[in-house]
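# Secondary and tertiary structure notes
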Amino acid sequence: MRVLVTGAAGFLGSHLADRFLNDGHQVVGLDNFSTGSRENLGELLERPGFTFVEHDISRPIVFAEPLDGVLHFASPASPVDYLEIPIQTLKVGSLGTHNCLGIAKAHGARFLLASTSEVYGDPQVHPQPESYWGHVNPVGVRGCYDEAKRFAEAITMAYHRYHGVDTRIVRIFNTYGTRMRPGDGRVVSNFIVQALRGEPLTVYGEGTQTRSFCHVSDEVEGIYRAFHSSLVEPVNIGNPSEFTIRELAEIVLRLTGSGAGIEWLPLPEDDPKVRQPDITLARRELGWEPRVGLEEGLRRTIPYFEALVRTRGAKSRTVSGD
Ligand code: UDP
């Protein structure tokens, strides 16, 4: 197969490209480096079967060579990023998804959308099954990401129903691992970088809000299986083990041996209070479930950030812009 991966210089996009290359497929990577990194791309460029196009997928592009799959992973995904570039976020989720669907239609290729647990907003159903329609504030600060992804799901289903495009939608829950940007502002990268620098871990609110963290190896395997399945309806891909943010801070402090402690900062607007995937559908239809627990996953991730802190003085980034 020859597949296009948008956001190939990003955290998930680059790991997904690797997954396809490992199985002998060819990958065309696309990125505009809005939030992707040239280091991630550097590792991919050394692999046979990988080619790269620098382009903003919010603008149309034509591919002359055949494609069997289009996987749309281009988008800012950290709240700190999408609060800073809300219009680009809306454009890549809407116009970018439209352009990707057009490419898939023109090539008769399968399309997979990287959707998100954010389509559930601040959920009133817990854990979240795919059948839950969500509780999103469209005009709040997170609306640019949440509504872009909800629109992306809607246009994906419209292309499926109206044009017969073969489509897949994965709803990705909080994921962590190597190749995350140290300063992307997400909680796992922030806490590890802060602990390694000996700075207090910035917990927002009382730290009682929960998230369920999936190691990137599990996440990518679930996405890869969803792409190769016949499941058109959206499917949750995430790890159901749920932790409070305060618990996460304590685990990171323990695993890094840091005595830096915690700094309490205000809770950002519309921050979801709970989040946990119901993965019954993925278990049944994809025969998939996560294998890597949080502590094991963090142990695999800490050395990556350690190298970046040591060699480049990598820093965390919080909602207040520090
Ligand atoms: N969070 C935190 N400190 C940080 C970064 C995030 O307490 O330095 C909290 C944030 O308020 C949220 C959770 O951690 O409740 C996850 O935040 P993240 O930015 O990773 O992604 P989200 O799940 O909100 O999209």
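About the thresholds
Residues numbered from 1 in each chain as written. Predicted model: local features only at pLDDT ≥ 70, side-chain atom pairs only at ≥ 80, totals over all residues. Heavy atoms only, no water. Near = heavy atom within 4 Å. Polar contact = N/O pair within 3.5 Å; in protein donor to acceptor, adjacent residues only side chain to side chain. Areas by Shrake-Rupley, 256 points an atom, 1.4 Å probe, with all protein chains shown as cover. Nonpolar A, V, L, I, M, F, W, Y, C, P; charged D, E, K, R; others polar. Helix = DSSP H or I, 4+ residues; strand = E, 2+ residues; numbered from the N terminus. Buried < 20%, exposed > 50% of the residue type's maximum accessible area, 1.4 Å probe, protein only. Contact = heavy atoms within 4.5 Å. Axes fitted to C-alpha atoms, helices over the stretch in contact; angles between N-to-C directions. Parallel < 35°, antiparallel > 145°, perpendicular 65-115°, else oblique. Left-handed = near helix turned anticlockwise from the far one by under 90°. Pairing = 2+ DSSP bridges. Expected span 1.5 Å × (residues − 1). Right-handed = clockwise from strand over helix to strand, strands pointing away.

## A closer look at the site of the ligand
Within the structure, the ligand sits among 18 residues, and Thr202, Tyr204, Arg211, Asp271 and Arg275 are positioned closest to it. Here an oxygen atom of the ligand and a side-chain polar atom of Asn174 are 2.8 Å apart. A distance of 2.5 Å separates a nitrogen atom of the ligand from a polar atom in the backbone of Thr202. Its free accessible area being 510 Å², the ligand has 96% of it covered by the protein chains. Its residues assigned to classes, the shell around the ligand shows seven nonpolar, five polar and six charged.

## Some details on the side chain of Ser258
Position of Ser258 relative to the elements: it lies in the loop between α8 (245-256) and β13 (262-265). Exposure remark for Ser258: the relative accessible area of 16% places this residue in the buried category. When near neighbours in sequence (up to four residues on either side) are disregarded, Ser258 contacts Ala195 and Leu253.

## Topic: the packing of α8 against helix α10 (residues 294-312)
Across the interface, α8 lies against α10 with an axial gap of 11 Å and an inter-helix angle of 50 degrees. By the angle between their axes, α8 is oblique relative to α10. For the pair α8 and α10, the crossing hand works out as right-handed. Residues Leu248, Ile251, Val252, Arg254, Leu255 and Thr256 of α8 form the contact with α10, whose own contacting residues are Leu294, Glu295, Leu298, Arg299 and Ile302. Here the contact of α8 with α10 is composed, by residue class, of seven nonpolar, one polar and three charged.

## Concerning the sheet that holds strand β11 (residues 235-237)
The strand order across the open sheet built from seven strands is β3-β2-β1-β4-β5-β6-β11, with neighbouring strands paired in parallel fashion. Either end of the sheet is taken by a strand with one partner, and the two such strands are β3 (50-54) and β11. Direction aside, the axes of adjacent strands within the sheet are offset by 20 degrees on average. With five bridges joining them, strand β1 (residues 2-6) and strand β2 (residues 26-31) adopt parallel strand pairing. Residue Leu4 lies in a different strand from β2, and its bridge partner there is Val28. Packing of helix α1 (residues 11-22) onto the sheet brings it into contact with β1, β2, β3, β4 (69-72) and β6 (167-172), and relative to β2 it is tilted by some 170 degrees. Across the sheet, helix α4 (residues 86-107) touches β1, β4, β5 (110-116) and β6, and the angle it forms with β4 is around 175 degrees.

## Structural notes on helix α5 (residues 143-163)
Across its 21 residues, α5 extends 28 Å between first and last C-alpha, which sits within 8% of the 30 Å expected from 1.5 Å per residue. What α5 keeps buried is the set Gly143, Cys144, Tyr145, Asp146, Ala148, Lys149, Ala152, Glu153, Ile155, Thr156, Met157 and Tyr159. Gly164, located one to two residues past α5, shows a positive phi value of around 70 degrees.

## Considerations on the pairing of β6
Among the six residues of β6, six are classified as buried, and the element is accordingly described as predominantly covered. As paired elements, β5 and β6 share six bridges and run parallel to each other. Bridging from a neighbouring strand, Leu113 pairs with Ile169 of β6. Taking the sense of rotation as the criterion, the β-α-β connection linking β5, α5 and β6 turns out right-handed.

Such coordinate-based values are descriptive only and should not be taken to indicate function.
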